[in-house]
Amino acid sequence: MTTDKIPLLEMREITKRFPGILANDHINFSVYAGEIHSLLGENGAGKSTLMNILYGLVAPDSGKVFVRGKEVRIHSPLDAIDKGIGMVHQHFMLVDRLSVVENVVIGTKPPGYPAFRKEAAVKRISQLIEEYGFDIDALMPVHLLSVGQQQRVEIIKALYRGADLLILDEPTAVLTPPEVVDLFRLLRNLRQAGHGIIFISHKLNETLENSDQITVIRQGKVVNTVLPQNIDRAGLASLMVGRDVLFDLPHPPYSGKQHAVLNIQNLKVLDDRKIEAVKDISIEVCNGEVFGIAGVDGNGQSELVEALTGLRQGTGGKIMLGGVEITGKSPGEILAQGVAHIPEDRQVRGLVMGFRVDENLILHDYGRPPFTRRGLLQHKEIYRWARQRAQDFDIRPPEPRLQARQLSGGNQQKVVLARELTKNPRLIIAVPPTRGLDVGATEYVHRALLDARANGAAVLLVSTELEEVLSLSDTVAVMYEGRIVGTMQRDEIDITRIGLLMGGGHVD
Ligand SMILES: Nc1ncnc2c1ncn2[C@@H]1O[C@H](COP(=O)(O)OP(=O)(O)OP(=O)(O)O)[C@@H](O)[C@H]1O
Ligand SMILES: [Mg+2]
């Protein structure tokens, strides 16, 4: 990273204002060939906006972009691709039924006679796969690939179009731990070959371990660019948030089992393919207890939670809430029983993206006083209430009239939390409750869950982040292939044993 070299990318004095917010404030940012440069910042700091400007999805108000020292104008993703800039989106844009090769060549015109094109494309793509170690079958239909492999198809797409600068906006949020390892191996190969990589993540450890440089953004401004060897996790967190962050909250001892709030008996649930995803699970979660379920994604956790929240019918067993059977009840009926659900995919299940923040906050309660009186919606009251929630949960900007889709990812998650936790639930079902949240917001959510526990709520926490499960739970259960394969109390937690169980190993 010698500074006398011309950077692959230079963004100079980039400024972008959205109504009521300065998302990018005179940002200067450079990336060199052969480096992994991380962008770090709180939810809403302006990272995605900067990347969307670079990829031609958002027009800046002012500022300039240079590629290899030459000023460029990027008005669309096509312009960006033409300048060698590729972006891997968090929501993949792949056609399920088509093969890897077909997905990669879609929208491009390989040279030569049509009859030879497919052959040429297969050859070129196989070369890329081989050269960088993508470890994927070029002829496989993409719906048969894992999430990690589909993400690799998106990367191949960008490389095939000639990208030498790659933007990855929170690529690891959707990956399992082994897939994360594979991704970084791949990114190092790309770096070795001279590509520049812009990497965004809220996970400070992986950022520290895999970056050549880290640029921290706070409230639209660059705070600093640092070398990972000169800083640690706590230092990064305080640069981002502007205060110290607690990674491990005090965890007062569990008062001991009192009464079961949630009691699951011999539950069996099928997945979409009619295969038994939950196989005879029995669990008890008591008041004042955080019951954590650890496990690699795809071992039946989603189906379990869907059955508990009424989104999916079980094929056997019983679910009891406070001693009353709720098996087979509708989601509305279950939520009305004092169950809070912080879902896996906030954009699908948690929020209505086209609704305003205040509407999302009263989604399940709008028909009741004080929000409705004599059949009329009380707009003033709703606004006042929403504004208070926005303040309590630090939703930024605290403007309840914005649409949910206008908030940054982390702030959308805070809206879900604000709605679900303020109803004083007796049972909280939290499925990776901190996905996409920054360190400060994560601390906040963890605090909120522990507070709810202290107030007597039962918390069922399902997370693939082992660190999160371990730091919050009173009881940890490991789920593997639809079964609970091990359960331990907080004082008997053994990380090696949990790791083994998560991978399907047997432990005596
Ligand atoms: N289309 C839009 N209209 C209005 N405001 C927007 C729009 N897109 C982004 N913003 C605002 O710009 C600010 C920066 O958002 P951005 O998505 O860039 O944050 P981020 O750093 O990527 O956050 P996160 O870590 O949560 O993804 C936020 O306050 C957001 O609400
Ligand atoms: Mg973002």
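Cut-off values and rules
Residues numbered from 1 in each chain as written. Chains lettered and ligands numbered in written order. Predicted model: local features only at pLDDT ≥ 70, side-chain atom pairs only at ≥ 80, totals over all residues. Helix = DSSP H or I, 4+ residues; strand = E, 2+ residues; numbered from the N terminus. Buried ≥ 20, exposed ≤ 12 C-beta atoms within 10 Å, placed from the backbone. Contact = placed C-beta atoms within 7 Å. Pairing = 2+ DSSP bridges. Axes fitted to C-alpha atoms, helices over the stretch in contact; angles between N-to-C directions. Near = placed C-beta within 6 Å. Parallel < 35°, antiparallel > 145°, perpendicular 65-115°, else oblique. Domains from an automatic or database assignment. Nonpolar A, V, L, I, M, F, W, Y, C, P; charged D, E, K, R; others polar. Core = buried A, V, L, I, M, F, W, Y, C linked by C-beta atoms within 7 Å. Expected span 1.5 Å × (residues − 1). Arc of directions from axis to C-beta.

### Quick look at the overall build of the protein chain
Okay, step 1: Counting secondary structure elements, the protein chain contains 17 helices and 22 strands.
Okay, step 2: Summarising its shape, the C-alpha atoms of the protein chain cover approximately 70 × 50 × 50 Å along the three principal directions.
Okay, step 3: Expressed as a percentage of its 508 residues, the buried residues of the protein chain come to 44%.
Okay, step 4: Long-range pairs, those at least 24 residues apart, make up 69% of the contacts in the protein chain between residues at least 6 apart in sequence.

### Here's the deal with unusual backbone geometry
Okay, step 1: Residue Pro 369 is joined to Pro 370 through a cis peptide bond whose omega torsion reads 5°.
Okay, step 2: With respect to the helices, strands and loops of the structure, Pro 370 is situated in the loop between helix H12 (357-361) and strand E17 (372-373).
Okay, step 3: Each neighbour pair has its own omega, and for Arg 396 with Pro 397 the value is -5°, a cis peptide bond.
Okay, step 4: With respect to the helices, strands and loops of the structure, Pro 397 is situated in the loop between helix H13 (379-392) and helix H14 (409-421).
Okay, step 5: Of note in this structure, Gln 219 is not a glycine but carries a positive phi near 45°.
Okay, step 6: Turning to its location among the elements, Gln 219 is positioned in the loop between strand E9 (213-218) and strand E10 (221-226).

### Thoughts on the sheet that holds strand E19 (residues 427-430)
Okay, step 1: Read across the open sheet, the six strands follow the order E16-E19-E20-E13-E21-E22; overall the sheet is mixed. The sheet is open, and its two edges are formed by strand E16 (339-342) and strand E22 (483-489), each paired on a single side. Within the sheet, the average angular offset between the axes of one strand and its neighbour, ignoring direction, is 15°.
Okay, step 2: Sheet topology places strand E13 (residues 290-294) next to strand E20 (residues 458-463); five bridges connect them, and they run parallel. Each residue of the ladder has a partner; that of Ala 294, found in E20, is Ser 463.
Okay, step 3: Sheet strands in contact with helix H17 (residues 495-502) are E13, strand E21 (475-480) and E22, and its direction is about 25° off that of E21.

### Topic: the environment of Val 431
Okay, step 1: Along the polypeptide, Val 431 turns up in the loop between E19 and helix H15 (439-454).
Okay, step 2: For the pair Val 431 and Val 305, spaced 126 residues apart in sequence, the C-alpha to C-alpha distance is 8.0 Å.

### Points about the site of ligand 1
Okay, step 1: Near ligand 1 there are 19 residues, and of these Asn 43, Ser 48, Thr 49, Ser 408 and Gly 410 occur at the shortest range.
Okay, step 2: Listing elements by their share of the shell around ligand 1, those giving two or more residues are strand E2 (21-31), helix H1 (47-54) and H14.
Okay, step 3: It is H1 that contributes the most residues to the shell around ligand 1, three residues altogether.

### Points about the packing of H14 against H15
Okay, step 1: Interhelical geometry of H14 versus H15 gives an angle of 10° and a closest axis separation of 11 Å. Comparing the axis directions of H14 and H15 gives the class roughly parallel. For the pair H14 and H15, the contacting residues are Gly 410, Lys 414, Leu 417 and Leu 421 in the first and Ala 441, Val 445, Ala 448 and Ala 452 in the second.

### Points about the sheet that holds strand E11 (residues 260-270)
Okay, step 1: Spatially, the four strands line up as an open sheet ordered E12-E11-E14-E15, and their pairing is antiparallel. Every other strand in the sheet has two partners, leaving strand E12 (276-286) and strand E15 (324-325) as the edge strands with one partner each.
Okay, step 2: Pairing of strand E14 (residues 314-321) with E15 involves two bridges; the strand directions are antiparallel. Bridged to Met 320 within E15 is Glu 325.
Okay, step 3: Across the sheet, helix H9 (residues 301-308) lies against E11, E12 and E14, angled at about 60° from E12, the strand it touches most.

### Here's the deal with the domain arrangement of the protein chain
Okay, step 1: One can read the domain layout of the protein chain as domain 1 (9-241) and domain 2 (261-350 + 425-502).
Okay, step 2: If you average the C-alpha positions of domain 1 and of domain 2, the two centres end up 33 Å apart.
Okay, step 3: Taken residue by residue, the interface counts ten residues in domain 1 and ten residues in domain 2.
Okay, step 4: When residues in the side of domain 1 that touches domain 2 are grouped by element, the largest group, three residues, is from helix H8 (residues 233-241).
Okay, step 5: In terms of residue class, the side of domain 1 that touches domain 2 is made up of five nonpolar, three polar and two charged.

### Observations regarding the nonpolar core
Okay, step 1: In terms of nonpolar packing, the biggest core is built from 70 residues, with Leu 427, Ile 429, Val 459, Leu 460 and Leu 461 touching the most fellow members.
Okay, step 2: No other element matches the six residues that E12 contributes to this core.
Okay, step 3: Other than its neighbours up to four places away in sequence, Val 459 contacts Val 290, Phe 291, Ile 428, Ala 430, Leu 449, Ala 452 and Arg 453.

### Focus: the environment of Thr 442
Okay, step 1: You can see Thr 442 is positioned in helix H15.
Okay, step 2: When the C-alpha positions of Thr 442 and Pro 19 are compared, they lie 27 Å apart, and in sequence the two are 423 residues distant.
Okay, step 3: For Thr 442, the contacting residues outside a window of four places in its chain are Thr 434 and Leu 437.

### Comments concerning helix H6 (residues 177-192)
Okay, step 1: With 16 residues, H6 extends 23 Å from end C-alpha to end C-alpha; this agrees with the ideal 22 Å at 1.5 Å per step.
Okay, step 2: Taken together, the buried positions of H6 are occupied by Glu 179, Leu 183, Leu 187 and Leu 190. Projected onto a plane normal to the axis of H6, the buried residues spread over an arc of 75° and lie on a single side. Exposed side chains of H6 directed beyond 90 degrees from the buried face belong to Pro 178, Arg 185 and Gln 192.
Okay, step 3: Looking one or two places after H6, you find Gly 194, whose phi comes out positive at around 95°.

### Side note on the pairing of E12
Okay, step 1: Relative to E12, E11 runs antiparallel, the two sharing eight bridges. Paired with Leu 262 across the two strands is Val 285, which belongs to E12.
Okay, step 2: Linking two consecutive strands that pair antiparallel, namely E11 and E12, is a turn of five residues; a positive phi of about 70° is found at Lys 274 within it.

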